[in-house]
Amino acid sequence: MPSSGQSRDETIEILSIVPTQGPGGIIAPSCTAAISLAVDEINSSTGILGREIHLTTLDGGREPHEVADEVAAFLATGMVGAITGWHTSAVRRAVAEAVDARVPYLYATDHEGLPDERPGVLLVGEHPDHQTVPAAAWMARELGVRRWAVIGNDYIWPRRTARALRRSLPNPYDIIVEHYVPLGTTDFADFLNNPTLLLADAVLVLMVGADTARFNRQFAASGLPAVMPRLSPAVDENVLLSAGPSANANLYVASSFFIDNHSEEGRSRRARYHRHQGRFAPALTTFSNSTYEAIHLLNTLADATGTLDVETIIAAAETGLVLDGPATRRGFLGNQAVGPAHLAMANGVDFDIIDAL
């Protein structure tokens, strides 16, 4: 809430969209806590454009049209300055239509990189060509992976990511199994019992939150992990913890938002987070770190351009704006934030970063 004596017109209202239900709901506590840290850090300094942030969290785990309708209602007040979100691409596309480029909308998770993205959407997460595809190439080079099986939730991001992988392979028929399931699926027997799966060298897992954890447990119970590695761009420490250490063997994860405990910044960020949130805080994870960075990236954009006007920000981004701030993103190519991506291997319920992508 605004500080005592401060009116709403002296604050900047930011809508934060994270799922509090459905398979992505296991991510919400970490994301909300990380966003709270970013808001406190910015408000403790100069705020955004000299104004304090007021944050409102919306449930992004509902049907896309429900989320979009609520966003539209907030926008109708004329008080919203920006939106950030960690949620599915299906929700993003519905919300982007409702926003209609009236305010900046920073999407903080991986996406499918469609050419018809609506103006005003700034993609903080990675395009598959910059993350999943080079991770698969690493596995081909280092592990001899040639043939892939794909399992994903049945919506646009998994299907388009699998298409990007297919385009990158020497032989497009090297995706030998491609299987999609509804969000919230609990039984993956149809995929795991498919005899063609035994011909694959690795599995690309393109599911959300709890669905991924459930799949990994069933995959481990099938006895396949010893001979078949898995790759996912959508696993964080919450997913590892939910699945359990025994389900995470031979699991490789590509991300731009690992928190490197071997770096000074990584250790400092964790320390600041625990000072802010307390001893029993939700884990600071790769996913929640992306939402933390999205808030700081918004602040850095505003500082660099002197405004939150969408047209001005997009024009600056398209001309190669260079950014300096706590986020690892240092600029944009069009509406895509650019920064380092890494490959890690699950180690129990944590990650060991093994290479840059």
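Since the model is a prediction, treat every value here as computed from it, not as a measurement.

Draft legend 1. The environment of G24, seen in detail. Take G24: it is sitting in the loop between β1 (11-18) and α1 (28-43). Looking at G24, the relative accessible area reads 5%, which means it is buried. For G24 and E142, which are 118 residues apart along the polypeptide, the C-alpha to C-alpha distance reads 32 Å. Not counting the four nearest positions on each side in its chain, G24 is found in contact with P19 and V208.

Draft legend 2. Here's a closer look at the pairing of strand β10 (residues 251-255). Of all five residues that make up β10, five are buried, and the element is covered over most of its length. Where burial is concerned, the two faces of β10 agree: the one with L251, V253 and S255 and the one with Y252 and A254 are both buried. The parallel pair strand β9 (residues 230-232) and β10, bridged by helix α8 (residues 237-243), forms a crossover whose chirality is right-handed. In terms of strand pairing, β10 meets strand β13 (residues 342-347) through four bridges, oriented antiparallel. Of the residues in β13, the one forming a bridge with V253 is A344.

Draft legend 3. Structural detail: the packing of aromatic side chains. In this structure the tally under the stated criterion is seven aromatic pairs. With a centroid separation of 4.8 Å and an interplanar angle of 45°, the aromatic rings of W86 and F287 are classed as tilted. Highlighted residues: W86 in the loop between β3 (80-85) and α3 (89-99) and F287 in helix α10 (residues 286-305), separated in sequence by 201 residues. Just as W86 is buried, F287 falls in that class too. A centroid spacing of 5.9 Å and a plane angle of 45° characterise the contact between W138 and Y252, whose relative ring orientation is tilted. Separated by 114 residues along the polypeptide, W138 in helix α4 (residues 132-143) and Y252 in strand β10 bring together distant segments of the chain. Taken together, the ring pairs connect F188, F191, F215 and F219 into an aromatic cluster. The ring of Y107 carries the charged tip of R92 above its face, separated from the ring centre by 4.8 Å. Lying over the aromatic face of Y180, R159 brings its terminal NZ or CZ to 4.1 Å of the ring centre.

Draft legend 4. View of the domain arrangement of the chain. Assigned domains of the chain: these are domain 1 (11-126 + 262-339) and domain 2 (129-256 + 343-356). Of note, the centres of domain 1 and domain 2, computed from C-alpha atoms alone, are 26 Å apart. The interface of domain 1 with domain 2 comprises 20 residues on the first partner and 23 residues on the second. Carbon and sulfur atoms make up 64% of the area that domain 1 and domain 2 hide from each other, which totals about 1,800 Å². Counting the contacts that link domain 1 with domain 2 gives zero salt bridges.

Parameters and conventions
Residues numbered from 1 in each chain as written. Predicted model: local features only at pLDDT ≥ 70, side-chain atom pairs only at ≥ 80, totals over all residues. Heavy atoms only, no water. Helix = DSSP H or I, 4+ residues; strand = E, 2+ residues; numbered from the N terminus. Buried < 20%, exposed > 50% of the residue type's maximum accessible area, 1.4 Å probe, protein only. Contact = heavy atoms within 4.5 Å. Right-handed = clockwise from strand over helix to strand, strands pointing away. Pairing = 2+ DSSP bridges. Phe/Tyr/Trp six-rings, centres within 6.5 Å; stacked < 30°, edge-to-face > 60°. Lys NZ or Arg CZ within 6 Å of the ring centre and 35° of its normal. Domains from an automatic or database assignment. Buried area = accessible area lost by both parts, 1.4 Å probe. Salt bridge = Lys/Arg side-chain N within 4 Å of Asp/Glu carboxyl O.

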